[in-house]
Amino acid sequence: SLIRSSQNMPWYTKMVVAFTGALSVAMFALPVSLLTWGFEAEALRCARKTSRNMKRNNTFDTQIDGASTSSMNSDEEYLKIIAKETEKSESAG
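Peer 1: Quick one: what's the story with the overall build of the chain, residue by residue and with numbers?
Peer 2: Within the chain, the secondary structure is distributed over four helices and zero strands. The order of helices and strands in the chain, counted from the N terminus, is α-α-α-α. A separation of at least 24 residues holds for 43% of the contacts in the chain among residues at least 6 apart in sequence. In the structure as shown, the chain presents an accessible area of about 7,700 Å², 63% of it carried by carbon and sulfur atoms.

Written out as structure tokens, the structure reads:
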């Protein structure tokens, strides 16, 4: 019954339905992408702050260069990756 009703619709109604569908996807995707970007920026800011604090305490370098590197948990590995990337980007630009 749904297929039959769509065949009986005029072309301008089909265009309005298609436009509304495309617009509703955009209205959902834009806020979601902005939220994701904000969370990523906050994670980067926290990683920089933690990296600076660890460097001040001189624990960051010993963890990376020392024998305890293999015993790092996933948070420490993530921090190591992010801190290295931000140092490279800050020195380049």
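From this point on, the discussion continues.
Peer 1: Which residues make up the packing of aromatic side chains, and what values do they have?
Peer 2: Taken as a whole and assessed by the stated rule, the structure comprises one aromatic pair. Arranged with centres 5.9 Å apart and planes meeting at 85°, the rings of Trp11 and Tyr12 form a pair that is edge-to-face.

Peer 1: Quick rundown of helix H2 (residues 11-56)? Include the residues and the values.
Peer 2: Along an α-helix, residues three or four apart share an orientation, since each turn contains 3.6 residues. Its 46 residues give H2 an end-to-end C-alpha distance of 68 Å, which sits within 8% of 68 Å, the value for a rise of 1.5 Å per residue. By the burial criterion, the buried members of H2 are Ala47, Ser51 and Met54.

Peer 1: A description of the environment of Lys80 should follow, citing residues and the corresponding values.
Peer 2: Looking at where Lys80 falls in the secondary structure, it is placed in helix H4 (residues 74-92). Separated by 29 residues in sequence, Lys80 and Ser51 have C-alpha atoms that sit 8.0 Å apart.

Peer 1: Kindly report on the pattern of salt bridges, identifying the contributing residues and their values.
Peer 2: Under the definition given, this model contains one salt bridge. The closest approach of N and O atoms between Arg45 and Glu42, which form a salt bridge, is 2.7 Å. With Arg45 and Glu42 both in helix H2 and three residues apart, the pair spans about one turn of that helix. Exposure remark for Glu42: the relative accessible area of 36% places this residue in the partly exposed category.

What counts and what doesn't
As a convention, each chain's residues are numbered from 1 in the sequence order in which they are written. Where local features are concerned, this predicted model is filtered to residues with pLDDT of at least 70; where side-chain atom pairs are given and counted, the filter is 80 or more; whole-chain, interface and lining totals use all residues. Only heavy atoms go into the side-chain values, all of them from the structure, while hydrogens and water stay out. Going along the chain from the N terminus, every DSSP run of H or I of four or more residues is numbered as a helix, and every run of E of two or more is numbered as a strand. Residue contacts are defined here by distance: any two heavy atoms, one from each residue, within 4.5 Å place the two residues in contact. Residue exposure ignores everything except the shown protein chains as possible cover, and the areas themselves are Shrake-Rupley values with a 1.4 Å probe. Two rings belonging to Phe, Tyr or Trp (six-membered ring only in the last case) form a pair when the distance between their centres is within 6.5 Å. Interplanar angles under 30 degrees mark stacking, angles over 60 mark edge-to-face geometry, and anything in between is tilted. By this rule, a helix spans an expected 1.5 Å times one less than how many residues it contains. Only protein chains enter the accessibility calculation, which uses a 1.4 Å probe. A residue is then buried if its area is under 20% of the maximum for its type, exposed if over 50%, and partly exposed in between. The term salt bridge refers to a pairing of a side-chain nitrogen on Lys or Arg with a carboxyl oxygen on Asp or Glu at a separation within 4 Å.

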